[in-house]
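# Structural description and commentary
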Amino acid sequence: MKFTVFTLAAAVAVVLAWRPVTMGTATDLSSYVTHAPCSRAVTYRIGEIDPRYSMTEEEFAAYLKEAANTWNTAFGNEVLAHDDNGTVTVNMTYDTRQQLSTQVNRLENELKEEQSTFAEQEKKYRQDLSVFEGRIAEFKSRVEYWNARGGAPPEEYDSLKEEENSLRAEADRLNQTASRLNITSESFNSQVREFRGLVSEFADQVKNRPEEGQYDSGTKTVDIYFFTDITDLRHTIVHEFGHVIGIGHVDDKDAVMYLYANDTLLPNPADLEALAEACRVRPVYEVAVNRIREIAAFLREKSETIDR
Ligand SMILES: [Zn+2]
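We now turn to the structure provided with this report. Everything quoted here is computed from the prediction, not taken from an experiment.

## Considerations on empty space enclosed by the protein
Under the criterion given, the structure shown has 1 cavity of 30 Å³ or more. When its volume is computed, the largest cavity comes out at roughly 50 Å³. If you go around the largest cavity, the residues you meet are Glu211, Glu212, His235, Thr236, His239, Glu240, Tyr258, Leu259, Tyr260 and Ala261.

In structure tokens form, the structure reads like this:
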């Protein structure tokens, strides 16, 4: 904590010491000391796409272009442009949450398939069982008929014997099917349990769906590391590109630049206000002061982590 206080004091001292110099500069140099953040487009390039996303570079490029155009249109000038040697690298990185989401989807599909196979087999079993019961009833009445007459003639006796054997075989087959179906439903139930476990684990991981990408202004890298569907991905790219052109988070929960993920794809009034602020032409000293504020906030955050 002592370290932070010292650093903050030093930062303030730098600003105070630096300010008079700027103020003392001749006014006609004002164009020289202003900074226009969005006067030149920030260029981006595609870095790595983790193969587990099964997304082609062309597809990814199209989503990036769409997001860049969104901000270009919003600003009314090109603020983001693709360039094979661009300054900002955009990656699609695979993380635990994506892995869980993929597992949940796969298991869900397997369950659906198994459920329909199971339902079909069960239906067939019930049909066979009802045919079997009909045959038993018929067999029984034939036996009773001949018994009442003191026994069946040899031909009829052989035919009854044959039917009896066939019914026994069918009974065995039906019993086997019944126990197999029972096993199927048991394994199905255990799969359902596994599925529920995965879903709840997944829900824990994505509580509040925090930001699904990250922009590191130091290394000039955007990592997209999670999405549930294409809308989600498109949102994340627009959001991260917002950071790339200098926009921070806004409080409006429907905004593209809201801290948590949502389905917003186009900047809303809160985003546009933040964009205007990020692109506002400002005196250079203000840029320096903001940079120092950022560093101070970063150090404060770090010291809080250390304190904990
Ligand atoms: Zn963000």
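## Here we look at the layout of surface pockets
Of the volumes computed, that of the largest pocket is approximately 1700 Å³. Forming the boundary of the largest pocket are 39 residues, of which Ser217, His243, Gly246, Arg291 and Glu294 lie nearest the centre. Looking at the lining of the largest pocket, the elements with two or more residues in it are β5 (213-216), α5 (230-244), α6 (269-279) and α7 (284-307). Here the lining of the largest pocket gets 8 residues from one element, more than from any other, and that element is α7. Considered class by class, the residues forming the lining of the largest pocket number 19 nonpolar, 11 polar and 9 charged.

## Some thoughts on the packing of helix α2 (residues 57-75) against α6
The N-to-C vectors of α2 and α6 enclose an angle of 80°; their axes lie 10 Å apart at closest approach. By the angle between their axes, α2 is roughly perpendicular relative to α6. Within the contact between the two elements, α2 uses Trp71, Ala74 and Phe75 and α6 uses Asp271, Leu272, Leu275 and Cys279. Looking at the contact of α2 with α6 residue by residue, the class counts come to 6 nonpolar, no polar and 1 charged.

Calculation criteria
Residues numbered from 1 in each chain as written. Predicted model: local features only at pLDDT ≥ 70, side-chain atom pairs only at ≥ 80, totals over all residues. Heavy atoms only, no water. 1 Å grid on protein atoms, 1.4 Å probe; cavity = no way out; pocket = protein on both sides within 12 Å on 5 of 7 lines; lining within 4 Å. Points joined across faces, edges and corners; volume = space filled by probe spheres on them. Helix = DSSP H or I, 4+ residues; strand = E, 2+ residues; numbered from the N terminus. Nonpolar A, V, L, I, M, F, W, Y, C, P; charged D, E, K, R; others polar. Axes fitted to C-alpha atoms, helices over the stretch in contact; angles between N-to-C directions. Parallel < 35°, antiparallel > 145°, perpendicular 65-115°, else oblique. Contact = heavy atoms within 4.5 Å.

Nothing here speaks to function; it is all geometry.
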